[in-house]
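Survey of secondary and tertiary structure
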Protein chains: 2
Amino acid sequence: MSNNHFKKGELYSFITGKASTAIARRLQKRFNTAGLNITIEQWSVLYHLWKEDGRSQQQLCNATFRDKPSITRLVDNLEKLNLVKRVPSENDRRINLIYLTKQAQKLEEETMQIADETLNEALKTVPADRIEICKEVLQIVYDNLK
Amino acid sequence: MSNNHFKKGELYSFITGKASTAIARRLQKRFNTAGLNITIEQWSVLYHLWKEDGRSQQQLCNATFRDKPSITRLVDNLEKLNLVKRVPSENDRRINLIYLTKQAQKLEEETMQIADETLNEALKTVPADRIEICKEVLQIVYDNLK
DNA sequence: GACATATAGTTGTTTGTGCAACTATCCAAA
DNA sequence: TTTGGATAGTTGCACAAACAACTATATGTC
């Protein structure tokens, strides 16, 4: 049998991403329990801004694998929450540079720890080499289709 | 280093499910190109009904890992498209049994082939044993959190 | 049989996504 | 210098997801 033939019964969960959905839901519940008033999607934007802020919305699109309208609205909501600020670029007036507020800077440590714990919970009992293989496969899938 | 410690830079795509998002988008585009007027989410409900229809909405919730309101609205939209029909159960009047229409039965072969091709495209160049490991890891993640 | 509790499904609200159409700005070639 | 195409971002629309609150029906216990 060829490498690339799946039995039909196994197609489904790959496509729907049951595993990543389960992780995202658990993480969201933990944020809520901790009294953190942000969504996973908002957090995923902050995540990239913590690595380096002052990015354009287009750069956030690429980093988060979302389209421009999605980022527009996520930034809208993050601005409403006083977590980011749009600053027009001096060089190119089409561009908004997105900067973290102090409030958002304070969130990094706590949320990253919760995310870390959630992944450890998800992956407990899974040997490191198998996690590594899984990640590599998912990366190839992404590269094959993006 | 322990099994369960991810480097921070790798957290993100696991949680957001970039790979499954990429597969779902590609599949949606193929459905559109083929002139098939259904969403991936609708298709994922049909997928379980093709295996066996006459299931209750609650059973579809469990099968698709969605909550009740989500299924209510997916079934609403599938009914509008004349792909399924709600039939009240005779035994228990709280329950709707969901049956496929002839139109929906016609969709099975074509959509399953497109899904198959899409997954083959996603997983080409990935050896079967690595796919197997990846699936097992994702299953454990799901079981650890569900 | 009456009542408390559990289960099945619906509805409202907020948030997010994908697509198409739109505005504003930049840049390069004539 | 003007003009045409590319790029950055916004808005409108349809669909979907999570949560809470709700209705209707079933069931177990007294």
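Preceding this paragraph is the structure being described.
The notes below deal with the structure included here. (Residues numbered from 1 in each chain as written. Chains lettered and ligands numbered in written order. Predicted model: local features only at pLDDT ≥ 70, side-chain atom pairs only at ≥ 80, totals over all residues. Heavy atoms only, no water.)

**Description of the packing of helix α2 (residues 18–33) of chain A against helix α7 (residues 128–145) of chain B**
For the pair α2(A) and α7(B), interaxial distance at closest approach is 8 Å and the crossing angle is 35 degrees. By crossing handedness, the relation of α2(A) to α7(B) is classed as left-handed. Between α2(A) and α7(B), the residues in contact are K18(A), A19(A), A22(A), I23(A) and R26(A) and L138(B), V141(B), Y142(B) and L145(B), respectively. (Axes fitted to C-alpha atoms, helices over the stretch in contact; angles between N-to-C directions. Helix = DSSP H or I, 4+ residues; strand = E, 2+ residues; numbered from the N terminus. Left-handed = near helix turned anticlockwise from the far one by under 90°. Contact = heavy atoms within 4.5 Å.)

**Quick word on the protein's contact with DNA strand D**
In the vicinity of DNA strand D lie 26 residues, with Q58(A), K68(A), R73(A), T39(B) and N77(B) positioned nearest. Within 4 Å of the protein, the contacting atoms of DNA strand D are 59% sugar and phosphate, with bases supplying the remainder. Here N96(A) contributes a backbone N or O atom positioned 2.9 Å from a phosphate oxygen of DNA strand D. Taking R73(B), its side chain carries an N or O atom lying 3.4 Å from a base nitrogen of DNA strand D. Looking at the surface near DNA strand D, the elements with two or more residues in it are α4 (57–64) and α5 (68–80) of chain A together with α3 (40–51) and α5 (68–80) of chain B. For the surface near DNA strand D, the leading source of residues is α5(B), giving five residues. Taken together, the residues of the surface near DNA strand D sort by class into four nonpolar, ten polar and twelve charged. (Near = heavy atom within 4 Å. Polar contact = N/O pair within 3.5 Å; in protein donor to acceptor, adjacent residues only side chain to side chain. Nonpolar A, V, L, I, M, F, W, Y, C, P; charged D, E, K, R; others polar.)

**Structural notes on the interface of chain B and chain A**
Listed per partner, the contact involves 58 residues of chain B and 58 residues of chain A. For the pairing of chain B and chain A, the buried interface totals around 6100 Å² over both sides, and the portion due to carbon and sulfur atoms is 68%. There are two salt bridges connecting chain B and chain A. The salt bridge partner of E136(B) is R130(A), with a shortest N-O separation of 2.7 Å. At the surface where chain B touches chain A, the tally comes to ten residue pairs in polar contact (both at pLDDT 80 or more). Secondary structure elements with two or more residues in the side of chain B that touches chain A: α1 (8–16), α2 (18–33), α3, α4 (57–64), α6 (102–123) and α7 of chain B. (Buried area = accessible area lost by both parts, 1.4 Å probe. Salt bridge = Lys/Arg side-chain N within 4 Å of Asp/Glu carboxyl O.)

**Some details on the pattern of salt bridges**
This structure, assessed with the given rule, holds 18 salt bridges over all chains. Among the salt bridges present, the one from E117(A) reaches R30(A), with a minimum N-O distance of 3.0 Å. Linking E117(A) in helix α6 (residues 102–123) with R30(A) in helix α2, this pair joins segments that are 87 residues apart in sequence. Across the pair E132(B) and K135(B) runs a salt bridge whose closest N-O atoms are separated by 3.2 Å.

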